Amino acid sequence: MFTLESKAALVTGSGRGIGRAIAKQLASAGASVMLNDIDAEVLKEAEGEVGPRAKSLACDITAADAPQKLVDATLAAFGSLDIIVNNAGYTWDNVIQKMSDEQFQAMLDIHLVAPFRVLRAASGWIRETAKREIAEGRRVMRKVVNITSISGTEGNAGQSGYSSGKAGVIGLTKTLAKEWGRYNVNVNVVGYGLIETRLIQPLSGPTASIEMKGHQIPVGVQQRMLDAAKATNPLGRLGTPEEAAGPVIFFCSPLSDYVSGEVLICSGGSRF
Ligand SMILES: NC(=O)c1ccc[n+]([C@@H]2O[C@H](COP(=O)([O-])OP(=O)(O)OC[C@H]3O[C@@H](n4cnc5c(N)ncnc54)[C@H](O)[C@@H]3O)[C@@H](O)[C@H]2O)c1
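The following refers to the structure shown. All chains use their own residue numbering, which begins from 1 and follows the written sequence. Owing to the predicted nature of the model, reporting of local features is limited to residues with pLDDT of at least 70; listing and counting of side-chain atom pairs is limited to 80 or more, with chain, interface and lining totals taken over all residues. Note that water and hydrogens are dropped before the side-chain values are worked out from all heavy atoms of the structure.

### Some remarks on the site of the ligand
Rule in force here: Neighbouring residues are identified by heavy atoms, a residue being near a molecule or strand if any of them is within 4 Å of it. Distance and chemistry together define a polar contact, namely a pair of N or O atoms within 3.5 Å, with one atom able to donate a hydrogen and the other to accept it when in protein, and with adjacent residues in sequence counting only for side-chain atoms on both sides. All accessible areas in this document rest on Shrake-Rupley with a 1.4 Å probe, and a residue is counted as covered only by the protein chains that are shown. Secondary structure elements follow DSSP: runs of H or I no shorter than four residues count as helices, runs of E no shorter than two count as strands, and numbering proceeds from the N terminus. Polar here means any residue outside two lists: the nonpolar Ala, Val, Leu, Ile, Met, Phe, Trp, Tyr, Cys and Pro, and the charged Asp, Glu, Lys and Arg; Gly therefore counts as polar.
Around the ligand sit 31 residues in total, of which D37, N87, Y162, I195 and T197 are the nearest. R16 has a polar side-chain atom sitting 2.9 Å from an oxygen atom of the ligand. In the environment of the ligand, an oxygen atom lies 2.8 Å from a nitrogen or oxygen atom belonging to the backbone of I18. The fraction of the free accessible surface of the ligand (830 Å²) that becomes covered by protein chains is 98%. Of all elements in the fold, only helix 1 (17-28), strand 2 (32-37), helix 4 (101-135), strand 5 (142-149) and helix 6 (160-180) reach the threshold of two or more residues within the shell around the ligand. If one sorts the elements of the shell around the ligand by residue count, strand 5 sits on top with three residues. Its residues assigned to classes, the shell around the ligand comprises 15 nonpolar, 11 polar and five charged.

Below, the structure is given as structure tokens:
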């Protein structure tokens, strides 16, 4: 029904999980893909898995200069930037009385400030290119997909930082949809329920913690919560990274050329 041949994409946090699945599906639809992750080892592995259409740049996307470097690297590698997926993320949870300023700020930095900086870094090239195309009488659609969570749309106990960042990125999406419509950019957001990745691994065992800026941060969900989520989910199960990538690919494709500023929830029907 469509091809992404000749399109260049940038996917943050694509070393593993949902981001890797998005990168693979974009490449199999014909796009060239710049992968990014803070974790250089898994990033190289992902680049190999995505195949010859992939390049990668390892960096911490919350570093102030990283978004511009990543945008510049994508343009240098592919000569274009047609699809941006702001996917990188992690959780650093606690009830509000135990949440430090650093912890709360880290959640805003990764889920809201980094996507803002990536889009601002791309804005110069996107606007100039679109103006030229429009002057030539051509309509070339470009795509931005941000990632949120039902924690951002509904709230979730223990996640004041995460849900604030994930709610904020919806505002960013809706505003950019209005600012960038004139440049033929569709800007949308996909929100997930529980998708089977490292982020929601059962909270036990040796891998249930990640290192981030000198902190060991436990990531995962209590087994009883996972069981309850499955039991109450209309489809009776959690989602796979491949299923999570589906709505993102829709928003990256010509099928969504007249859809902008929307929130699409991919949760099997659950809303917390
Ligand atoms: N898995 C779920 O149930 C779920 C639910 C709602 C939303 N989400 C969102 O989906 C997105 C992908 O999460 P996932 O489930 O695939 O998790 P994941 O941990 O499997 O993958 C996330 C990737 O982002 C990378 N990353 C984290 N911080 C980074 C940084 N500062 N710079 C660059 N890369 C960084 C990680 O190294 C990791 O490879 C996130 O935004 C997450 O908040 C996931």
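### Here we look at the nonpolar core
Just so we agree on the cut-off: The set of buried Ala, Val, Leu, Ile, Met, Phe, Trp, Tyr and Cys residues whose side-chain atoms join them within 4.5 Å is what this entry labels a nonpolar core. Whether a residue is buried, partly exposed or exposed follows from its accessible area with a 1.4 Å probe, protein chains only, as a fraction of its type maximum: under 20%, in between, or over 50%, in that order. Residues count as neighbours in contact if any of their non-hydrogen atoms are within 4.5 Å of one another.
By size, the foremost hydrophobic cluster in this structure holds 35 residues, and its most contacted members are I84, Y90 and W180. Sorting the residues of this core by element identifies helix 3 (66-78), helix 4, helix 6, strand 6 (185-192) and strand 7 (209-212) as the ones contributing at least two each. In terms of residue count, helix 4 provides more of this core than any other element does, 10 residues in total. In this structure I84 touches L10, V118, L119, A122, I126, K143, V144 and V145, once residues within four positions along its chain are discounted. In terms of nonpolar packing, the next biggest core, distinct from the first, is built from 31 residues, I18, A21, A29 and F251 among them.

### What about helix 8 (residues 241-252)?
For clarity, the threshold we go by: Multiplying one less than the number of residues by 1.5 Å gives the expected span of a helix.
Here helix 8 contains 12 residues, and its C-alpha end-to-end distance of 17 Å stays within 8% of the 16 Å for a straight helix at 1.5 Å per residue. Contacts from the buried residues of helix 8 go to helix 1, strand 4 (83-86), strand 5, strand 6 and strand 9 (263-266).

### Examining the side chain of Q201
Here Q201 shows up in the loop between strand 6 and strand 7. Of the residues examined, Q201 reaches a relative accessible area of 13% and is grouped as buried. Here the side chain of Q201 touches R198 through a polar contact of 3.0 Å, landing on its backbone oxygen.

These results come straight from atomic positions and should not be treated as a statement about function.
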